[in-house]
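Residue-level structure breakdown
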Amino acid sequence: MCAQVTRVYFVRHAQPEHAWEDDRTRPLTDEGRRDTAIVLDFLKDKEIDAFYSSPYKRSFDTIADTAGFYGKAILTDERLREREKGPDGNQYGMFEKRWADHDFHEENGESISMVQRRNIEALTEILLKNKGKNIVIATHGTALSTILNYYHPVFGCKDFLRIIDWMPYVIELDFDGDRLVAETEHCYVEKEFKGSQRADKSL
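Scope of this entry: the structure provided in the associated data block. Every residue gets a number counted from 1 within its own chain, in the order that chain's sequence is written. Local features are withheld for residues below a pLDDT of 70 in this predicted model, meaning they are given only at 70 or higher, and side-chain atom pairs are given and counted only at 80 or more; totals for whole chains, interfaces and linings count all residues. The side-chain quantities take in all heavy atoms of the structure and omit both hydrogens and water.

**A few points about the packing of aromatic side chains**
- Each Phe, Tyr or Trp ring, with Trp reduced to its six-membered ring, pairs with another whose centre is within 6.5 Å; inter-plane angles below 30 degrees give stacked pairs, above 60 give edge-to-face pairs, and intermediate values give tilted ones. One pass over the full model with this rule turns up ten aromatic pairs.
- Taking the centre distance of 5.9 Å and the plane angle of 75° together, the rings of Tyr9 and Phe42 count as edge-to-face. Of this pair, Tyr9 sits in strand S1 (residues 5–12) while Phe42 is found in helix H1 (residues 30–43), placing the two residues 33 residues apart along the sequence.
- Pairwise contacts between aromatic rings join Phe95, Trp99, Phe155 and Phe160 into one cluster.
- The criterion is that NZ of a Lys, or CZ of an Arg, lies within 6 Å of the ring centre and within 35 degrees of the ring normal, and then a charge sits over that ring. The aromatic ring of Phe42 is capped on one face by Lys46, whose charged end is 4.0 Å from the ring centroid. Runs of H or I in DSSP of at least four residues are treated as helices and runs of E of at least two as strands, each being numbered from the N terminus.

Have a look at this one:
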């Protein structure tokens, strides 16, 4: 009996307005909005059955035109949101501390483990509801990285920093049930991440 593959295209959002203070409503830049056309161009022939997104505006807007092309609604799930940051969440060295200790977090922020737990819970439910289908999930850099780490425990800070500037970024994960069977990176646009005192990518 052939395995029924569920194909998930994770789409990390396009370039956001980094100076926008509210994380939830942060919009895309003009360049970011233009770059969403790359997502549509890649996905327009992939026979997408369902669209899911973080409730954050930048993620939702990155796949909005593609969902419109297919005439599909975008279902949002609060668990797919990006990591909650404390007031010093982007200070130098914090990336490394969080990835070295997945339970570490700044005051009022979330740890890698906390983000991973809720994202994997949401993904598991999505896979169960969409067996054998092609799905798009609009996501974020840290949220996506915790998912990749769940399936590849060796995925760490260097891997996170490798993709930190890729906005948008599309990666395909294929599942048999909830078991990952294949993974393919497809396309990305390199835009500088402008978090305050960003980590050193040479680490």
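**Some thoughts on the pairing of strand S5 (residues 166–176)**
- To sort residues, take the accessible area from a 1.4 Å probe on protein chains only and compare it with the maximum for the residue type: under 20% means buried, over 50% means exposed, and anything in between is partly exposed. For S5, the tally of buried residues reaches ten of eleven residues, placing the bulk of the element in the interior.
- Sheet analysis places S5 next to strand S6 (residues 179–190), joined by nine bridges and oriented antiparallel. Bridge pairing links Asp176 to Arg179 in S6. Pairing between two strands is assigned when DSSP locates at least 2 bridges connecting them.

**Observations regarding the sheet that holds strand S4 (residues 134–139)**
- Spatially, the six strands line up as an open sheet ordered S3-S2-S4-S1-S5-S6, and their pairing is mixed. The open sheet has two edge strands with one neighbour each: strand S3 (74–76) and S6. For this sheet, the mean angle separating the axes of adjacent strands, direction not counted, is 20°.
- With six bridges connecting them, S1 and S4 associate as parallel partners. When the bridges of S4 are listed, Arg7 appears paired with Asn134.
- Set on the sheet, H1 makes contact with S1, S4, S5 and S6; between it and S6 the angle comes to about 140°. What counts as an axis is a line fitted to C-alpha atoms, over the stretch in contact for a helix, and the angles between N-to-C directions run from 0 to 180 degrees. The contact definition used throughout considers only heavy atoms, calling two residues in contact when any of these lie within 4.5 Å.

**A few points about the pattern of salt bridges**
- Salt bridges, as used here, are contacts in which a Lys or Arg side-chain nitrogen is within 4 Å of a carboxyl oxygen on Asp or Glu. Under the definition given, this model contains 22 salt bridges.
- Between Glu125 and Arg79 there is a salt bridge; the shortest N-O distance is 2.9 Å. In this pair, Glu125 is assigned in helix H4 (residues 112–129) and Arg79 in the loop between S3 and helix H3 (94–100), connecting sequence segments 46 residues apart.
- Classification of Glu125 by relative accessible area gives partly exposed; the value is 35%.
- Notably, a salt bridge pairs Arg118 with Glu110, separated by 2.6 Å at the nearest N-O pair. Each member of the pair, Arg118 as well as Glu110, carries the same accessibility label: buried.
- Connected through shared salt-bridge partners, Asp23, Arg26, Arg58 and Lys85 make up one network.

**Things to note about the packing of H4 against helix H5 (residues 141–151)**
- Orientation of H4 relative to H5, taken along the N-to-C sense of each, is 80°, at an axis distance of 9 Å. With respect to their mutual orientation, H4 and H5 come out roughly perpendicular. For the pair formed by H4 and H5, the contact residues are Ile112, Val115, Gln116, Asn119, Ile120 and Leu123 on the first element and Thr142, Ala143, Thr146, Ile147, Asn149, Tyr150 and Tyr151 on the second.
- Each residue gets one of three labels, nonpolar for Ala, Val, Leu, Ile, Met, Phe, Trp, Tyr, Cys and Pro, charged for Asp, Glu, Lys and Arg, and polar for the others, Gly among them. For the contact of H4 with H5, the class distribution of residues is eight nonpolar, five polar and no charged. Angles below 35 degrees are treated as roughly parallel, those above 145 as roughly antiparallel, those between 65 and 115 as roughly perpendicular, and all remaining angles as oblique.

**Observations regarding the nonpolar core**
- Joining through side-chain atoms within 4.5 Å is the link that ties buried Ala, Val, Leu, Ile, Met, Phe, Trp, Tyr and Cys residues into a set, and such a set is a nonpolar core. In terms of nonpolar packing, the biggest core is built from 32 residues, with Phe10, Leu123, Ile137 and Phe175 touching the most fellow members.
- Looking at this core, the elements that each hand over two or more residues are S1, strand S2 (50–53), H3, H4, S4, H5, helix H6 (157–163) and S5.
- Judged by nonpolar contacts, the second largest core, of 15 residues, contains Tyr9, Val11, Phe42 and Ile63.

**Some words on the environment of Cys187**
- Looking at the secondary structure, you find Cys187 in strand S6.
- C-alpha of Cys187 to C-alpha of Met167: the two residues are 20 residues apart in sequence and 9.7 Å apart in space.
- Among residues more than four places away in sequence, those in contact with Cys187 are Ile38, Phe42, Pro168, Tyr169 and Val170.

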